[in-house]
Structures are given as C-alpha cells and as structure tokens.
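# A closer look at the structure
So you can see what is in the structure, the chains are spelled out below.
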Amino acid sequence: MMNILVIGNGGREHALAWKLKQSPQTDRVFVAPGNAGTAMDAENAEINELDFPSLIQFAKQNQVQLTVVGPETPLAAGIVNAFEQEKLRIFGPDKNAARLEGSKVFCKEILKKGGIPTAGYHVFTDGGAAVEYLKTVRDQQVVIKADGLAAGKGVVVCDTAEQGVEAVLRMTRDHEFGDAGHRIVIEERLHGQEASVLAVTDGSTIAVLQPAQDHKAAYDGDQGPNTGGMGAYSPVRLVDDQKLHWIEENVLVPTVHTLNRNGTPFKGVLYAGLMMTAGGPKVLEYNARFGDPECQPLLMRLQTDLADIFQFTLDRQLHRIGMLKWDERPSVCVVMASRGYPGQYEKGKVITGLEEAAKMKNVKVFHAGTKLDPHGGIVTHGGRVLGITAIADTIAEAKKTAYEAVRKIHWEGAWCRKDISDKSAAY
Ligand code: AMP
Ligand code: GLY
C-alpha cells in the first residue's frame with residue numbers, strides 16, 4: 001500500500017486523485033494544493049505547486065512513495081529534478097524534457113529533426129525581421145506563437161497578414177507575454193478538425209491512450225475567445241484505430257526517439273495536439289502532461305490501474321503494462337465556468353445542487369475552481385469551476401446525462417457551452 005501526492009488544483013488533478021484512490025495499491029492520496037472536490041475524495045495539503053522545498057518536506061513526512069504532477073508550470077520549473085535529487089519518485093518529465101511544452105521553438109526543432117508532420121515555421125527574436133517576413137507571405141495565413149508558456153494565450157491564429165503584424169508587435173514591442181514572447185514562431189496556418197492524442201512513455205515503451213477532443217473556444221459553435229478548454233469527450237470517431245496507429249508510428253515513436261537522441265529523454269505524458277488536415281494528421285503542439293479537461297473523460301473510461309501505469313513508467317518497465325483496458329462506452333465532460341471567464345471572472349459564489357448531481361449514476365462531478373467555505377458549503381474560486389463528466393452507451397446519451405447533471409447545479413453567473421461533443425456527429 002502506498003501514499004500518493006498529486007500536484008495541482010484543477011479538474012485534471014481531481015480526476016487523477018479520484019482514479020488513483022480506486023487503485024488497490026493506494027492507501028492515502030494527497031493533493032497539493034487541491035480544491036473542494038479533492039478535499040472530499042482525497043486529502044488536501046495547503047502547499048503551492050511551485051514551493052518545491054515544502055512539497056518535498058511534505059512527501060518525506062507523509063511517506064509519499066509516488067508523486068504525480070498535473071500542470072505544466074512546476075514541470076517547466078524543474079519539480080521532477082528537485083524531487084529526484086532527494087531520491088523521491090515522481091511521475092513527469094524533467095526540466096529539459098518539459099521544454100517540449102515550455103518552448104515552442106524547442107518543440108518545432110524536435111519535430112523537424114524527427115521528420116514529424118507539422119506546420120512549416122520560422123523563428124524570430126527581432127520584431128522588425130518578423131514584420132518584414134510577413135510582407136513576403138502575402139495571402140498565406142499564419143499563426144503567431146510566443147515561444148514560452150503563456151497559459152494558452154500566447155497563440156494568435158490570423159486571418160490576414162495585418163493581424164499577423166499586430167500580433168508580432170504585441171509580443172515583441174509591447175511584451176504582452178513578458179519573457180515568453182522574447183522569441184516568436186511564425187507558422188503556416190493549418191485547417192481541419194483538432195484531436196488530442198495522449199500517451200504515457202517511459203522513454204522507450206509508449207502506451208497510447210484513447211483519442212479525445214477538447215473544445216477550446218468559449219462559446220457554442222467554436223465562437224469567442226480561447227479558454228483552457230470548455231469540455232471534452234472520448235473516443236473521437238475522427239481518429240479511428242487505424243489513424244491512431246498511424247499517429248503512434250509517425251508522430252509518437254519518432255518524437256520519443258528524437259528526444260532520446262537529443263539527450264533529453266522523456267518520461268511522463270506526451271500529449272500531441274493534432275490537426276487532422278486533408279494531408280493527414282499534423283502536430284500543432286506538444287504538452288508534457290495530461291490535458292485538462294481531456295483527462296476527465298479519459299480517466300472515466302480507463303480500466304487499467306493508473307497507479308500501475310505510473311509505477312511501471314518510473315521503473316522503465318512500461319512494456320509490462322500490456323494493452324491498456326478501456327470501458328468501451330464513450331464519456332463526455334462539460335465544463336461549468338464563472339461569469340466573466342476567460343476574462344476577469346467572479347469568485348466566492350455559493351454552489352448548490354452538488355449533492356443531487358452526485359446521486360446520479362454514471363456521472364462524476366470533478367471540481368476545478370472550487371473552495372470549501374470556512375462557514376460551510378462550497379464556493380467558486382476559479383474561472384473553470386466544475387467538469388461534469390458522464391459515461392453512457394453512446395456519445396449522445398453521455399452528453400444528455402452530463403447536461404442533466406449540469407441542470408442540477410447552480411451558482412450566480414454559472415454558464416457552460418451547450419454543444420460539447422456535437423462535433424462527433426459533424427463528420
Ligand atoms: P497551441 O497552444 O500551440 O496548441 O495552440 C493553441 C491553439 O491554436 C490550437 O489548439 C489550435 O486551435 C490553434 N493553432 C495552433 N497552431 C495552429 C496552426 N498552425 N494552424 C491553425 N491553428 C493553430
Ligand atoms: N485542454 C488543453 C490543455 O490541457 O492544454
């Protein structure tokens with residue numbers, strides 16, 4: 001029996017803690033800093049995800065045998081190196097390998113070296129040179145990306161060259177994304193449906209998860225500003241078994257191989273954000289962790305012991321996991337958000353109806369931006385507040401069940417997209 005520490009405070013971390021708690025190997029599951037949901041399904045430790053000395057001290061004092069990192073920021077800051085220096089077992093890539101997500105330039109270089117399908121690109125450190133370059137691309141549409149982490153906001157998809165120039169200036173002249181915009185990538189704009197393919201790797205074996213699809217735009221019909229993700233579902237018909245196999249062979253295998261040859265071996269979750277173009281799947285980006293909210297429907301479907309997956313990865317024995325087992329039934333996760341999100345949002349609103357929703361079969365309400373109110377009850381504490389996740393025989397049925405649960409839950413200003421998973425019927 002072991003104690004596990006999950007780092008982070010979102011819906012992804014609630015889902016990880018909930019799943020790990022079900023493992024027969026698990027004794028206590030801690031989440032640092034966690035939210036109201038993880039306080040109920042696990043135990044919270046009030047420690048910031050970037051306070052490595054306190055996290056290490058907590059792990060030692062509480063006999064934590066395995067730590068799992070949810071978000072990208074501590075990975076990019078080297079949490080894995082810090083834990084490993086203390087001989088503590090921790091699941092996730094080290095600081096060098098996490099650059100796959102932390103630096104778009106590094107990611108593009110790996111993709112190029114590996115001959116992995118992705119959009120053509122150029123790197124600039126000088127805004128003037130970037131603007132000059134944009135004059136030469138004429139009507140070809142471009143995407144401008146700040147090199148560093150920018151909480152999903154450092155990417156501007158442009159319809160016109162003028163928009164491209166404006167984005168370049170915001171990043172290089174106005175320093176809108178701080179140091180993250182010190183270097184920028186200008187790449188060719190791709191068209192098609194997006195899908196997320198995640199895999200766990202120990203640096204040699206790759207265990208591919210079922211495909212999922214996120215909904216990044218704030219409003220129905222993919223309108224409005226970008227968000228962290230307003231909902232997700234799995235599986236995705238667009239990525240059938242044959243396509244998934246193709247992606248494994250032509251994207252994931254060469255990525256792991258190239259990272260090894262580069263001297264930056266990767267262990268943890270490789271998350272490929274893909275555009276399914278007319279010319280085949282192409283990588284838009286890599287993340288070095290589970291997706292949020294993709295993690296929620298994926299873990300609802302996963303039947304293999306998640307603690308085993310992590311332990312084998314750390315032992316470099318992932319081949320022993322065999323084929324991952326899945327509930328064949330699809331799962332849909334609908335995110336409920338605070339008024340104002342993804343801009344300035346409200347906090348501290350009392351949430352009602354959680355108990356009624358919890359009584360529903362085949363539904364799990366994952367918490368993200370929630371907090372236990374010292375006066376009792378649960379209040380909102382973030383932009384994305386809850387991820388209502390349902391599993392059923394069909395996607396349509398899972399969607400219907402998830403929205404039934406959504407209707408039971410209330411707070412002032414709560415809203416969600418109404419069309420999560422509809423894309424599955426559109427192609
Ligand atoms: P990233 O952070 O690189 O995933 O970019 C965020 C979002 O921007 C992606 O999910 C896509 O919707 C969009 N995007 C990124 N790169 C491209 C591209 N080359 N062509 C079209 N859309 C893109
Ligand atoms: N759902 C997108 C992400 O986790 O980056």
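Residues numbered from 1 in each chain as written. Chains lettered and ligands numbered in written order. Predicted model: local features only at pLDDT ≥ 70, side-chain atom pairs only at ≥ 80, totals over all residues. Heavy atoms only, no water.

## Considering the site of ligand 2
In plain terms, the rule: Think of it this way: one heavy atom of a residue within 4 Å of a molecule or strand is enough to make that residue near it. By the criterion applied in these results, polar contacts are pairs of N or O atoms within 3.5 Å in which, for protein atoms, one can donate a hydrogen and the other can accept it, and in which residues neighboring in sequence qualify only through two side-chain atoms. Polar here means any residue outside two lists: the nonpolar Ala, Val, Leu, Ile, Met, Phe, Trp, Tyr, Cys and Pro, and the charged Asp, Glu, Lys and Arg; Gly therefore counts as polar.
Close contacts around ligand 2 come from D214, G228, Y271, N287, R289, G291, D292, P293 and E294, and that covers them all. Contact between ligand 2 and D214: a nitrogen atom at 2.8 Å from a side-chain N or O atom of the residue. Contact distances for ligand 2 include 2.7 Å between a nitrogen atom and a side-chain N or O atom of E294. Its residues assigned to classes, the shell around ligand 2 shows 2 nonpolar, 3 polar and 4 charged.

## Concerning the site of ligand 1
This is how it is decided: The accessible surface values rely on the Shrake-Rupley method and a 1.4 Å probe; as for residues, cover is taken only from the protein chains in view. Put simply, DSSP H or I for four residues or longer makes a helix, DSSP E for two residues or longer makes a strand, and each gets a number counted from the N terminus.
Neighbouring ligand 1 are 15 residues, the closest being E187, E188, L190, E194 and E285. K104 places a side-chain nitrogen or oxygen 3.2 Å from an oxygen atom of ligand 1. Across the complex, the protein chains shield 91% of the 470 Å² of accessible surface that ligand 1 would expose by itself. Counting only elements with at least two residues in the shell around ligand 1, the list comes to β7 (142-146), β8 (155-157), β9 (184-188) and β17 (280-287). Across the shell around ligand 1, the residue classes tally to 7 nonpolar, no polar and 8 charged.

## Observations concerning the nonpolar core
Threshold: By convention a nonpolar core is built from buried Ala, Val, Leu, Ile, Met, Phe, Trp, Tyr and Cys residues, the set being connected through side-chain atoms within 4.5 Å. Relative accessibility decides the category of a residue: with a 1.4 Å probe and only protein chains considered, values under 20% of the type maximum give buried, values over 50% give exposed, and everything between is partly exposed. Contacts are residue-level and defined by heavy atoms, with any inter-residue pair within 4.5 Å sufficient.
The biggest cluster of nonpolar side chains holds 56 residues, and the ones touching the most others in it are L100, Y286, L386, I388 and I409. With residues near it in sequence (within four places) discarded, L386 still touches V334, V335, M336, I351, L354, V365, F366, H367, A368, T370, I409 and W411. Membership of the second largest hydrophobic core comes to 39 residues, among which are A42, F290, L302 and I391.

## Observations concerning the packing of helix α1 (residues 11-21) against helix α12 (residues 306-314)
How two helices sit against one another is set out by the angle between their axes and by the gap between those axes. The condition is simple: Between the N-to-C directions of two axes lies an angle of 0 to 180 degrees, each axis being a line fitted to C-alpha atoms and, for a helix, fitted only over the stretch in contact. Relative orientations are named as follows: roughly parallel for angles under 35 degrees, roughly antiparallel for angles over 145 degrees, roughly perpendicular for angles from 65 to 115 degrees, and oblique for any other angle.
Across the interface, α1 lies against α12 with an axial gap of 8 Å and an inter-helix angle of 100 degrees. One way to sum up the angle between α1 and α12 is to call them roughly perpendicular. Where α1 abuts α12, its residues L16, K19 and L20 lie against L306, A307 and F310. Residues belonging to the contact of α1 with α12 are distributed by class as follows: 5 nonpolar, no polar and 1 charged.

## Observations regarding helix α10 (residues 241-261)
Quick note on the threshold: Here the expected length of a helix is defined as 1.5 Å per residue gap, with one fewer gap than residues. Each residue is assigned a bend, namely the angle between axes fitted to the seven residues that terminate at it and the seven residues that start at it.
An ideal rise of 1.5 Å per residue puts 30 Å on 21 residues; α10 measures up with 29 Å between its terminal C-alpha atoms. The largest bend along α10 measures about 35 degrees and falls at E248. Among the residues of α10, L244, I247, V251, L252, P254, T255, V256, T258 and L259 are the ones counted as buried. In this fold, the buried residues of α10 make contact with α6 (99-102), α7 (104-113), β10 (193-201), β11 (206-208), β16 (268-277) and β17.

## Some words on the pairing of β9
Basically, it comes down to this: Strand pairing requires that DSSP identify at least two bridges connecting the strands.
The buried fraction of β9 is high, at 4 of 5 residues. By the bridge criterion, 5 bridges tie β7 to β9 in an arrangement that is antiparallel. In the sheet register, I144 faces β9, and the bridge partner there is I186.

## Description of the sheet that holds β11
Within the open sheet, the 4 strands sit side by side as β11-β10-β16-β17. Their pairing is antiparallel. Here the strands that pair on one side only, and so sit at the sheet edges, are β11 and β17. Taking each pair of neighbouring strands and ignoring which way they run, the sheet shows an average axis angle of 35 degrees. In terms of strand pairing, β10 meets β11 through 3 bridges, oriented antiparallel. Paired with T201 across the two strands is I206, which belongs to β11.

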